[in-house]
Amino acid sequence: MKPEPIQFQIMQSFLSIFCDKYGVSPDLVSLLLSRMEKRTFGRHEMVVGVQERQQNYYIIVEGVWRGYSILDGEERTLWFERYGDILYSEVSKDYIIESISDSSAYVISKVELDAFCVESHEISNVIRRVLEQYYFEITRWLIMLCQPTARQRYLTVLQSDPEVFQMVPQKYIASCLGMTPQSLSRIRRQIVK
C-alpha cells in the first residue's frame with residue numbers, strides 16, 4: 001500500500017476541521033473550493049497590504065496568519081487566523097495581513113462568490129453558515145481582549161485557545177494582548193509557579 005501524499009493528508013485534515021467547525025458538507029466545500037484559486041504564501045509574506053484593498057474571501061488550508069496595523073510606528077497585532085478559518089480582505093484599509101508560517105489558502109473575489117451564490121442555493125447556505133460562525137468567533141475574540149488586566153486577557157485566551165500559544169511567536173501574542181513580550185513572559189512564569 002502506497003503512502004498518501006502529504007498534500008492529500010493536509011487537505012483531508014483541513015476538510016475535516018472546516019466541516020466540523022462550520023457544520024457544512026465536505027461535498028459542498030469541495031464544490032466551493034473548485035471555484036476558488038489556490039495560493040501559497042511563504043513565512044512572513046504579506047497576503048494583503050495597506051494599498052491592496054481587494055474584495056476577496058480566503059479560506060486558509062494550512063498555516064497561520066495575523067492581521068496587524070502600524071500604530072505610532074509600531075506593529076500592533078489585531079488577530080490570528082489559521083487553517084480552517086476564513087478571512088475577508090476588505091474590512092479596513094488600515095491593516096495588513098501576513099502569513100506567519102508557510103501557508104496555503106483558497107481565494108475568490110466577492111463578485112465571483114456572489115455570482116456563485118446566485119447560481120447555487122446550497123453554496124449560498126454554506127457561505128451564510130460560515131460567515132455567521134466567523135462573526136461569532138470574532139465577537140468572542142474581541143470580548144476576550146476586553147478583559148481589564150493583561151493577566152486576565154492572557155488567562156482567557158489560554159483557556160479558550162491554548163493552541164495559539166504553540167503556533168504563534170510570543171511577540172505577536174503579547175502585541176495582540178496589549179502588553180510587551182517581557183510582561184507576557186513574566187505573567188507566564190507567575191502562573192507556572
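Everything that follows concerns the structure shown earlier in this document.
No experiment lies behind these values; they were computed from the predicted model shown.

Draft legend 1. The arrangement of the overall build of the protein chain in detail. Counting secondary structure elements, the protein chain contains eight helices and eight strands. Here the protein chain has a C-alpha radius of gyration of 18 Å; the compact-globule value for 193 residues is 16 Å, and the two agree. When its C-alpha atoms are laid out on the principal axes, the protein chain stretches across 55 × 45 × 30 Å. In the protein chain, which comprises 193 residues, the share counted as buried stands at 43%. The contacts of the protein chain with a sequence gap of at least 6 include a subset with a gap of at least 24, amounting to 71%. Accessible area of the protein chain: about 10900 Å², with a carbon and sulfur share of 53%. Averaging the positions of the 22 positive and the 24 negative side-chain charges in the protein chain gives two centres separated by 9 Å.

Draft legend 2. Here's a closer look at the sheet that holds strand 4 (residues 64-71). One open sheet holds the four strands; their spatial order is 2-7-4-5, and the pairing between them is antiparallel. Here the strands that pair on one side only, and so sit at the sheet edges, are strand 2 (45-48) and strand 5 (74-82). This sheet shows a mean twist of 35° between the axes of neighbouring strands, independent of strand direction. Sheet topology places strand 4 next to strand 5; eight bridges connect them, and they run antiparallel. Residue arginine 66 lies in a different strand from strand 5, and its bridge partner there is phenylalanine 80.

Draft legend 3. Focus on the nonpolar core. Counting residues in hydrophobic clusters, the biggest one holds 57 residues, and the most contacted among them are Phe18, Tyr58, Trp65 and Phe80. Not counting chain neighbours up to four residues away, the residues in contact with phenylalanine 80 comprise Trp65, Arg66, Ile100, Trp141, Val164, Val168, Tyr172, Ile173 and Cys176.

Draft legend 4. Summary view of the layout of surface pockets. The computed volume of the largest pocket comes to approximately 340 Å³. The wall of the largest pocket is formed by 17 residues, among which Arg82, Asp85, Glu137, Arg140 and Asp161 lie closest to the centre. Of all the elements in the fold, those that place two or more residues in the lining of the largest pocket are helix 1 (6-22), strand 5 and helix 4 (121-145). In terms of residue count, the dominant contributor to the lining of the largest pocket is helix 4 (five residues). Grouping the amino acids of the lining of the largest pocket by side-chain chemistry returns eight nonpolar, one polar and eight charged.

Draft legend 5. Quick peek at empty space enclosed by the protein. The final tally for this structure, using the stated rule, is one cavity of 30 Å³ or more. There is about 110 Å³ of room inside the largest cavity. Around the largest cavity sit 13 residues that line it, and Tyr57, Ile59, Ile86, Leu113 and Ile127 are the ones nearest its centre. Residue contributions to the lining of the largest cavity peak at four residues, all from helix 4.

About the cut-offs
- Per chain, the residues get numbers from 1 upward, laid out in the order the sequence is written.
- Under the rules for a predicted model, residues below a pLDDT of 70 receive no local features and side-chain atom pairs below 80 are neither given nor counted, while totals for whole chains, interfaces and linings still include all residues.
- Side-chain calculation: all heavy atoms of the structure are included, whereas hydrogens and water are not.
- Helix numbering and strand numbering both begin at the N terminus, where a helix is a DSSP run of H or I of at least 4 residues and a strand a DSSP run of E of at least 2.
- The atom set for the radius of gyration is the C-alpha atoms, and the globule formula is 2.2 Å times the number of residues raised to the power 0.38.
- Buried residues are those whose accessible area, probed at 1.4 Å on protein chains only, stays under 20% of the maximum for their type, while exposed residues exceed 50% and partly exposed ones sit between those limits.
- It only takes one pair of heavy atoms within 4.5 Å for two residues to be counted as in contact.
- To measure how exposed things are, a 1.4 Å probe is used in the Shrake-Rupley method; for residues, cover is taken only from the protein chains shown.
- Only four residue types enter the tally: Lys and Arg on the positive side, Asp and Glu on the negative side; His and the chain ends are excluded.
- We put the charge of a Lys on NZ, of an Arg on CZ, of an Asp on CG and of a Glu on CD.
- Strand pairing requires that DSSP identify at least two bridges connecting the strands.
- As a rule, the C-alpha atoms of each element are fitted with a line to give its axis, helices using only the stretch in contact, and angles between N-to-C directions run from 0 to 180 degrees.
- Here, nonpolar core means buried Ala, Val, Leu, Ile, Met, Phe, Trp, Tyr and Cys residues that are tied together by side-chain atoms lying within 4.5 Å of each other.
- Points on a 1 Å grid over protein atoms alone make up a cavity when a 1.4 Å probe fits among them but cannot get out, and a pocket when they form an open set with protein on both sides within 12 Å along at least five of seven lines; lining residues each have an atom within 4 Å of a point.
- Grid points are joined across faces, edges and corners, and a volume is the space filled by probe spheres set on the points.
- Under the convention adopted here, Pro, Cys and the residues Ala, Val, Leu, Ile, Met, Phe, Trp and Tyr are nonpolar, Asp, Glu, Lys and Arg are charged, and Gly plus all remaining residues are polar.

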